[in-house]
Amino acid sequence: MEVSLLQLWEEAGAFARGIIILLAIMSVASLSTAAAKWWRFARSRKATKKFAPEFARFLQEEQLDEAIELAEASKKSSVATVLGEALAEVKPLLKDRATVTTGDINSAERAVERQSLIVLSDLKRGMGILATVGATAPFVGLLGTTMGVVNAFTGMALTGSGGLAAISAGIAEALITTAFGLAVAIPAVWLYNYFQTRIDNITVEIVYTSKELIDYLIKTVGTEFGRS
């Protein structure tokens, strides 16, 4: 005997239908959020792959002006966004490198930290939706199942009939909401873990590259570095 989802929908009560509609909304919200984040991360990763080697080469060749232009041009890369903010802090000072002080370098480092917080906060936007859907969808489905079982046994009591045949339709109607809840929650949990890993990797890239920039500024910018 095949289970007809359309038949179960037609036979479902108002409460069960409400649960299914709610789960459908949660599924659309999580999948649309995941699609937007995937597109954002894909663009950022592609831009960073192009940006990072060129930026490192400019630093090694002490072409800081070119590095600044590259960071300002790479708008789609999260790493470039952070470094561009730091370079903007010291760019006016680079015309006379001998006047750059410890305070100037510290200002650039604080700019990196501020921009890192902004970028990472933006990257985490929408993660709450995935986490909420993954955590609550099974319980929403279970709520529908619980009420369906109650309705099945209530109907059996009212009709005075018993046995599995009498309540099988009601139990099937009830369990479908749990199945739907799990079908909504499992992809949301997978996607949450996937994007969390991507955010962790981007965080490492930002920290590593920004430290590389600050080290470069400390070692090469200003013959009087160390003067506060």
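Details of the structure are given in the entry above.
What this report covers is the structure whose coordinates are included nearby. The shown structure was predicted, so the numbers you read here are calculated from the model rather than taken from an experiment.

About the cut-offs
Residues numbered from 1 in each chain as written. Predicted model: local features only at pLDDT ≥ 70, side-chain atom pairs only at ≥ 80, totals over all residues. Heavy atoms only, no water. Helix = DSSP H or I, 4+ residues; strand = E, 2+ residues; numbered from the N terminus. Buried < 20%, exposed > 50% of the residue type's maximum accessible area, 1.4 Å probe, protein only. Contact = heavy atoms within 4.5 Å. Core = buried A, V, L, I, M, F, W, Y, C linked by side-chain atoms within 4.5 Å. Axes fitted to C-alpha atoms, helices over the stretch in contact; angles between N-to-C directions. Parallel < 35°, antiparallel > 145°, perpendicular 65-115°, else oblique. Left-handed = near helix turned anticlockwise from the far one by under 90°. Nonpolar A, V, L, I, M, F, W, Y, C, P; charged D, E, K, R; others polar. Salt bridge = Lys/Arg side-chain N within 4 Å of Asp/Glu carboxyl O.

### Here we look at the overall build of the protein
A count of helical and extended segments in the protein gives seven helices and zero strands. For the protein, the N- to C-terminal ordering of α and β elements is α-α-α-α-α-α-α. The burial tally for the protein puts 37% of its 228 residues in the buried class. A separation threshold of at least 6 residues defines the contact pool for the protein, and within that pool the share at least 24 residues apart is 81%.

### A few points about the nonpolar core
Grouped together as the largest cluster of nonpolar side chains are 32 residues, with contacts concentrated most on F51, F55, L64 and L217. Those elements giving two or more residues to this core turn out to be α2 (14–60), α3 (64–73), α4 (78–90), α5 (102–123), α6 (127–159) and α7 (164–220). Per-element tally for this core: the top contributor is α7, with eight residues. The contacts of F55, once residues within four sequence positions are left out, are A67, L70, L83, L87, T209 and L213. Of all hydrophobic cores here, the second largest spans nine residues; its members include I19, V140, V184 and A188.

### A closer look at the packing of α2 against α3
One way to put it is that α2 packs onto α3 with a least axis distance of 8 Å and a crossing angle of 160 degrees. The angle between the axes of α2 and α3 places the two elements in the roughly antiparallel class. When the axes of α2 and α3 are compared, the crossing they make is left-handed. Touching F51, E54, F55, F58 and L59 of α2 are L64, E66, A67, L70 and A71, all from α3. Classifying every residue of the contact of α2 with α3 gives eight nonpolar, no polar and two charged.

### Quick notes on the pattern of salt bridges
Scanning the model with the defined rule gives two salt bridges in all. Residue R40 pairs with D122 through a salt bridge whose shortest N-O separation is 2.5 Å. On the criterion of sequence distance, the pair formed by R40 in helix α2 and D122 in helix α5 is long-range, its members being 82 residues apart. Taken together, the salt bridges that share partners define one network made up of R40, D122 and R125.

Honestly, that's just the spatial picture; any functional story needs more than this.
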